[in-house]
Structure formats: C-alpha cells, structure tokens
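These are the residues of each chain, in order.
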Amino acid sequence: MSAENSFNDERTSRRPFRWHILVFMLPAFLVYTAVMIIPLGSTLWLSFFKEVDGQRLFVGLENFRTLFFEDRWSESFWNALVNNVYFFIIHMLVQNPIGVALAALLSLPKLRFSAFYRTAILLPTLLSFVIVGFIWKLILSPLWGIAPTLLDFVHLKFLFAPWLGRPNSALIAVSLISVWQYVGIPMMLIYAALLNIPDEVIEAAEMDGITGWSQFWKIKLPLILPAIGIISILTFVGNFNAFDLIYTVQGALAGPDGSTDILGTLLYRTFFGFQLQLGDRSMGATIATVMFLIILAGVSFYLFAIQRRMRRYQF
C-alpha cells in the first residue's frame, strides 16, 4: 500500500510540461531575433571581412588592428573614445547626483506641488532630441540667442561665451544639454525606490532621533543603492550608445575640430559616409563591435562585481 501511495505521489509531483508558455513566448522571441540577434550577429560577422575589388574577403582581426593602430583610423577612434568617456563621466557626476537630490526633495511629505515639479522635470525626456538640440542651439547662439540677454539681466554677461563653438567647451555644453533633457529619468527611478522603503524602517529611525537629511544619508541612501546601481549602468549603456543629440547640435562631423566626436558619430560617418567620404561597411561594423564589447564589459562588471555586493541592502 505504501509503495502504491509513493507511486501516486510521484505521478502527481510530475507536472506536465506547459507547452502554452512556448506558444505565448514564440512571437516575442521571433521579433527579438529578427530585430536584435540577427543584426547583431551580422554586424559581428561583417567586422571580420573586407571588400576588395567588389569581393568580400575574410581578414580576421585585421580590421581591428587597422582601427587601433593605423594613423588614418586610430586618431579618430581614440579621440572619439576619450570624448565618450568624458561624456559618460559628466553624466555620472552631474546628472545622477542631481537626480538623487531632486528625488529626495520631491519625496518630502510636506512639499507642496510635488506632482507638478515631477511632471515639469520629466517633461524634457518626452521631447524629441531634434527639438531639444534646435532649441538649445538657439538659446546659446551668440547672435540671436537669449542666453546673453538673460546673463546681462543679472549683470553676468561677461560670463557668456560661444560655448558650442569652442573646442575646449563644446563637449561640456552638449553634455549639460543632455543632462537637462534626461535628468528626469534617474529622478523618477530614485523617487520610486524611496517610496518603496517600508514605513516601519522610517518610523524606527524617527524613534531613534534620526530625522531630516541625517535620515536620508544614514537610512535611505544605503537602501536605494541598488536603484543607483541600475541608474549608473543605464547611464553607461545610454552614453556609449549616444548619437542623436550630438548629431543634432554639432552635426555629423561633431565639431568644432572633432571635439564632440564620440563613437556613435564616428560609426555613422564610417558606415554611411559623409559629404565626400565614402562609407566603409567593414570598418563601420568593426567600430560597432568595439562599442558592443565595451558595453558588454561594463554590464558584466556591474552584474558580477557590483550587484552581488548590493543585494544585502534589498528587502
């Protein structure tokens, strides 16, 4: 009798395979394969070839050696990579701290019109990058922009300069425009993380006399570190994929003198060509592959080295 019961228990413990799950996942998998996996694989494969006299020849890692070490390509590539790193650092040091500070302010229970402030700060992220780039070009124009007038109104016109036209300030100016547009994203993510903190934790801190900004630094900030980590990796991926705003504000040449050129604009000029420059699909695929490897390395470092240390702060 016991053997029969154990056999029945074993049969009941074996659940039938749910084939309907595969049916529901299949459309999404096909779309993802067609839109992401196949183009990515084709790009990686194309980076190992080179067209000679209209024929595609397998050259292995020769395109990468050309990109890294030949003067014709290496100067533009390393300049774009360094600019991309600066572009990312500015966002990390300006955009994300401002987003955390705004979220902390908007999460105060006694703050009035907080919904209006959240909407106003998040609104620029909904605007087209073409509109944002064109508006800021008009604002910062030394000929017809309103920036000199506004600075003159507060007696600070001497601080104005053609920031977008100077090589030493153009990248900073474009980065700050990007910060202005996208600061609402980290603000909302941090705001949601702050609201997710259990009330019992806040009440216990208040009973211990920890209130105000001391409560934020000692209690709330450690608890939202996972959200800050997510924002940091999203910033990394977004900045090393950036192209649209710089293309709108500074053009495909990313002037002046390539001072705002990043990997995205270099990829565009290389793959599609620009003005008298003919496109080179193999070298464009090589640059795209390098961008993919950089992003993959950053995401892997976050997942395997940083996120594991943050899990102890999660509820």
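Please refer to the structure placed before this passage.
Every value quoted in this text rests on a predicted model; they were computed, and no experiment measured them. (Residues numbered from 1 in each chain as written. Predicted model: local features only at pLDDT ≥ 70, side-chain atom pairs only at ≥ 80, totals over all residues. Heavy atoms only, no water.)

## Comments concerning the packing of aromatic side chains
- Following the criterion strictly, the structure yields 22 aromatic pairs and no others.
- Taking 5.1 Å as the distance between ring centres and 25 degrees as the angle between the ring planes, the aromatic pair formed by Phe-243 and Tyr-247 counts as stacked.
- By relative accessible area, Phe-243 is classed as partly exposed at 26%.
- These aromatic residues form a ring-pair network of at least three members: Trp-45, Phe-48, Phe-49, Phe-58 and Phe-64. (Phe/Tyr/Trp six-rings, centres within 6.5 Å; stacked < 30°, edge-to-face > 60°. Buried < 20%, exposed > 50% of the residue type's maximum accessible area, 1.4 Å probe, protein only.)

## Remarks on a negative patch on the surface
- A cluster of acidic residues, Asp-199, Glu-200, Glu-203 and Glu-206, forms a negative patch on the protein surface.
- Looking at the secondary structure, you find Asp-199 in helix 10 (residues 199-207).
- Classification of Asp-199 by relative accessible area gives exposed; the value is 54%. (Patch = residues over 30% accessible without salt bridge, like charges linked within 9 Å, V, L, I, M, F, W, Y side chains within 5 Å. Areas by Shrake-Rupley, 256 points an atom, 1.4 Å probe, with all protein chains shown as cover. Salt bridge = Lys/Arg side-chain N within 4 Å of Asp/Glu carboxyl O. Lys, Arg positive; Asp, Glu negative; His and termini not counted. Charge placed at Lys NZ, Arg CZ, Asp CG, Glu CD. Helix = DSSP H or I, 4+ residues; strand = E, 2+ residues; numbered from the N terminus.)

## Observations concerning the environment of Ser-169
- Structurally, Ser-169 is set in the loop between helix 7 (147-153) and helix 8 (170-182).
- Along the chain, Ser-169 and Thr-260 lie 91 residues apart, while their C-alpha atoms are 9.3 Å from each other.

## Some thoughts on the pattern of salt bridges
- Enumeration according to the criterion identifies 4 salt bridges in this entry.
- Residues Arg-65 and Glu-70 are paired through a salt bridge, measuring 3.2 Å at the closest nitrogen-oxygen approach.
- Taking the relative accessible area as the measure of exposure, Arg-65 reaches 38% and is therefore partly exposed.
- Classification of Glu-70 by relative accessible area gives partly exposed; the value is 31%.
- When salt bridges with common partners are traced through the structure, they connect Glu-62, Arg-65 and Glu-70 into a single cluster.

## Some points on the packing of helix 9 (residues 184-195) against helix 12 (residues 225-240)
- At a minimum axis distance of 9 Å, the contact between helix 9 and helix 12 shows a crossing angle of 160 degrees. Of the possible angle classes, the one that applies to helix 9 and helix 12 is roughly antiparallel. Where helix 9 crosses over helix 12, the two elements pack in a sense that is right-handed. For the pair helix 9 and helix 12, the contacting residues are Pro-186, Leu-189, Ile-190 and Ala-193 in the first and Ala-227, Ile-228, Ile-231 and Leu-234 in the second.
- Here the contact of helix 9 with helix 12 is composed, by residue class, of 8 nonpolar, no polar and no charged. (Axes fitted to C-alpha atoms, helices over the stretch in contact; angles between N-to-C directions. Parallel < 35°, antiparallel > 145°, perpendicular 65-115°, else oblique. Left-handed = near helix turned anticlockwise from the far one by under 90°. Contact = heavy atoms within 4.5 Å. Nonpolar A, V, L, I, M, F, W, Y, C, P; charged D, E, K, R; others polar.)

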